[in-house]
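Notes for the structure review
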Amino acid sequence: MRFRILGPTQVVLADGREVPVGGPRLRALLALLLLDAGRVVPAERLIDGLYGENPPRGAANALQSQVSRLRQALPAEHDPVEFHPAGYRLAVDPDDVDAYRFERLAEAGRRALGDRDWPRAAAVLREALELWRGPALADATGAPAQAARLDELRLAAIEDRVEADLALGASGALIAELREFVVAHPLRERLRGQLMRALTALGRPAEALIEFEDARHTLAEQLGVDPSAELAAIHLAVLRGAERGSAEPALPSQLTTFVGREDELKRVGDLLGERRLVTLTGPGGAGKTRLAIEAAGRVDGEVRFVELAGLADGSDVPQAVLSALGLRDAGLRAPAEQGWQTTDRLVEALAERRLLLVLDNCEHVLVDAARLAARLLSACPALRVLATSREPLGLAGEALCPLSGLTLPPLGASALNADDYPAVRLFAQRAADVAPDFTVTPANVETVLRICRGLDGLPLAIELAAARLRALSVAEVAARLDDRFRLLSTGSRAVSPRHRTLRAVVEWSWDLLDDTERRLARRLTVFAGGATLEAAERVCGLPTAEFVDALTGLVDKSFVEMTGGRYRMLETVRAFCAERLAEAGEADQLRRAHTGYFLEFAWTASNHLRCAEQLHWLRRLDAEWDNLHAALRRATAAGDVSDAAGLVAALSFYWWLRGMRGEGARLAADVLELLGTEAPPGLREEFALCVYNASLAGSGQLPSLGTQQSVIRSLDRAPRQPFLLYLSGISTGPPAGGAEHVDELMGELRRLVGPDAWINALGAMGSGSALMWSGQWDRARTALATALDGFRSTGDRWGTMITLGALGELAAWQGDPEAAGAHMDEAMGLVGELGSAVDQADMLRTRGEIRLRSGDLAAARDDFAGALLLAQRSGAPEFVASARLGLAQVARLRGELAEARRFCEEALAGGLTGWYVGEAARAEILLALAEITEAEQAGAPPSADGA
């Protein structure tokens, strides 16, 4: 469905048919929900928007009634209105709402305007403005601020579109349109200025001057102010016979549009207004030169561009600047006096001259470029210098603007808006230059993203890759990125040799490093996803003094980036340096050092995941996710049994807490192939954890470990990973003897490990769950209360959360919905802290079952639907099945038997592996199907309360 609020509220189906929504109040409710599409809107805000300052008695019930009517008005197969404890949510894609699409397109048009891509800006902004059918939120009179905001955005988009049209050439039609806008909005000076510029461009300056006088009179009469400086400048330009007057900068002309870098361009402009020396730093291919040219082109006054890349010797830098200024050696003083140097001549020439000097590609003549800049800036007060270099000049007062790759869509973001991001937009534009029919489409967008991400968003690399579309498909380009230096080996013949290929760009930087910097650079390639200072020093194995100096040098020379306390190489630089690591014969040595460090780190972190520092260590593990999994895969590939199995064991609880159960299962299954069918000596615990993790994804035939008790008895030491106890229960099922056998198992475990608060809490939780299922509710509540106290004492939010979930279920079974709700509210809060979508799905499913038992079918359905969505996104088939079972129960109790049967059959179709979600869930689904069959045969649906 498509939703429209830029005018009267409308709902339109895919085939173009409009869905009648109902009366004014229903349309207003829908519009208010659409303003926050996909987000929960508090009930109080909806009541204010619908009823204003005089809400009816029982306003909450009135709102609920309106929501029910809205649900009935919308097509049943969509039913996007969800109830939440804090309010209501319209579960629709924001891009299906015209207001959101308008804002996205308007922003894309504004960026294209900043890139000076006038045709794209005009086209995108027209598309945005065509979405309007009347005043914004015409049916939602209770949202005046939001309506005013949208109207203001519309006017700004109109002005941006006019700006693009002016750049493409003024016309009589544009002037007529601008006159209408000025009449409608006489106080908007930008529109007035655009009209004056359009008139002047068509040779009608007298009319432009009349427009200025009218604007001055209107502003004075209505606001008591004079025209702005911008409008006054246009007036002055008209008087002088030109729209804008400034000295023509001596800058290289560009054959392609400038894409992205809006923030950096603004930053450089701001810095040039405040500082006299600004240096753009970054790796080769980041676009420093192009940004410098664009920034300099927007500066008022004289500009001179000096290309230093071709200099073989730093002593030639002053002469290069002299030539760029159009000065000859003998032109200033002839004959030359004894000791008279080129630098002195430059000082004399620039002493009183207001000028921006662009020094491009300083890195290989850094000392001489810095010395010259220092001398000129100190002697020439009106001079400013904009430099580009792979490392700073190192002068006092130098302002740095570091560059890296162009912005990419974040991982997990919708691919639909990918071309709004500069890296993708650059690829698309350069690809269209060589393959005119190429566009980014839903069919190829993921491949384009893979290319742009694999190249770190580096403009040069992206342009070289796009140029390959002359002969290769986009899929073939992506497939060849592993051999990127051969693939990206042909660039523009017009540029210097070191910018012609990707390898040449990186080799240029490599040649500027000293021996220690090169040794560290090649060793840093063993890291995946960057490294902390401690990890880099430990793994790379350089003496401390050498390490610090070399790392500082690599950062200064843009070979390594430092962000958020982590050191990272761009993938292209990393690929080049990895070749050097292999050539040096150090690859296996570094791999072992890397694996050893992260195995130790994983165990240290695992020990902290069961205490109050849980969230801190989860974040640390998240930061090292790439390194940990790279170490595990490398150890597995190399046949290092002990290291690979040890990493699986150490990461087991982390995988569970972060909802990475599917990925953990796959990695564990790979290690199992290495281990064989029996535990190697000294690896019993690690072997068991590999089996249990692999079983979570139903990984075929796995070695049999027997019962929990037999696993515990087989250990020759205390388990280093206590989460083994929980995983064994999930995989093999609870002891056949119920709670008594759980207590017996815990007794054996205590004899093995001694007192442990977390293990004792886990045992009490297991006993309480077994007692619940056997109907011993009082004893269950006592055991679960003990578990809750234990987990709270250790600070483990996960253990506290699952125990609260069990207590919530128990309270619901005992007919105490208030206590059940309190337990679940606290559990949901902990889920939010942990940030696990899988656990959130589990808790929503649990709360849905509680609400189902209390007869609140609408709320239960919302919970099950939310659980299903989260489980599907997280790749958790067990919770997909259980959420579908919950939806089937709701449908059955509503009398929607066909829908109930469909949900049950879908739940049976997949994801039912192991006892935890296999045997137990299958039995519940079969029971639900029997109840559905019985209801179908009876011909009468059950009542809403389940009777």
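From a predicted model like this one, the values you see are computed outputs, not experimental measurements.

1. Focus on the overall build of the protein chain
Regarding its fold elements, the protein chain presents 43 helices and 13 strands. Considering only contacts within the protein chain whose residues lie at least 6 apart along the sequence, 69% involve residues at least 24 apart. Accessible surface for the protein chain amounts to roughly 41500 Å². Of this, 51% is attributable to carbon and sulfur atoms.

2. Remarks on the packing of helix α27 (residues 614-623) against helix α29 (residues 641-657)
For any two helices packed against each other, the geometry comes down to the angle between their axes and how far apart the axes lie. One can describe the packing of α27 onto α29 by two numbers: an axis separation of 11 Å at closest approach and a directional angle of 100°. Relative to α29, the element α27 lies roughly perpendicular. Where α27 approaches α29, its residues Q614, L618, L621 and D622 are matched on the opposing element by L651, Y654 and L657. A breakdown of the residues in the contact of α27 with α29 according to their chemical character gives five nonpolar, one polar and one charged.

3. Comments concerning the sheet that holds strand β10 (residues 383-389)
Reading across from one edge, β8-β9-β10-β7-β11 is the order of the five strands in this open sheet, with parallel pairing throughout. The two strands at the open ends of the sheet, each matched to only one other strand, are β8 (302-307) and β11 (399-402). Strand-to-strand twist in this sheet, taken as the mean axis angle between neighbours without regard to direction, amounts to 15°. Where β8 and strand β9 (residues 355-360) come together, six bridges link them in parallel fashion. Of the residues in β9, the one forming a bridge with E302 is L355. Across the sheet, helix α11 (residues 262-274) is in contact with β7 (277-281), β9, β10 and β11; its angle to β11 comes to roughly 170°.

4. Here's the deal with the confidence of the model for the protein chain
The predicted model of the protein chain has a mean per-residue pLDDT of 82, with 89% of residues at 70 or higher. Across the protein chain, the element-wise mean pLDDT spans from 65 in helix α20 (residues 484-487) up to 95 in helix α26 (residues 587-608). For residues 330-340, every residue scores under 50 in pLDDT, and the model assigns this stretch eight contacts once sequence neighbours within four places are set aside. Low pLDDT, under 50, characterises residues 491-499; the predicted model gives this stretch 17 contacts beyond four residues in sequence or across chains.

5. Considerations on the nonpolar core
Counting 194 residues, the largest nonpolar core has F427, L524, F559 and W798 as its most contacted members. With twelve residues, the top contributor of residues to this core is α29. Ignoring any residue separated from it by four or fewer positions in sequence, one finds W798 in contact with Q614, F653, W656, L657, F723, Y726, W758, L834 and D839. Counting 71 residues, the second-largest nonpolar core is a separate cluster that includes V19, V21, L35 and L231.

6. A short note on the side chain of N627
Assignment of secondary structure puts N627 in helix α28 (residues 625-638). Of the residues examined, N627 reaches a relative accessible area of 0% and is grouped as buried. A polar side-chain atom of N627 sits 2.8 Å from the main-chain carbonyl oxygen of G530. In this view, N627 contacts F527, A528, G530, R566, H594 and F598; residues no more than four positions away in its chain are not counted.

What counts and how
Residues numbered from 1 in each chain as written. Predicted model: local features only at pLDDT ≥ 70, side-chain atom pairs only at ≥ 80, totals over all residues. Heavy atoms only, no water. Helix = DSSP H or I, 4+ residues; strand = E, 2+ residues; numbered from the N terminus. Contact = heavy atoms within 4.5 Å. Areas by Shrake-Rupley, 256 points an atom, 1.4 Å probe, with all protein chains shown as cover. Axes fitted to C-alpha atoms, helices over the stretch in contact; angles between N-to-C directions. Parallel < 35°, antiparallel > 145°, perpendicular 65-115°, else oblique. Nonpolar A, V, L, I, M, F, W, Y, C, P; charged D, E, K, R; others polar. Pairing = 2+ DSSP bridges. pLDDT = per-residue confidence, 0-100. Core = buried A, V, L, I, M, F, W, Y, C linked by side-chain atoms within 4.5 Å. Buried < 20%, exposed > 50% of the residue type's maximum accessible area, 1.4 Å probe, protein only. Polar contact = N/O pair within 3.5 Å; in protein donor to acceptor, adjacent residues only side chain to side chain.

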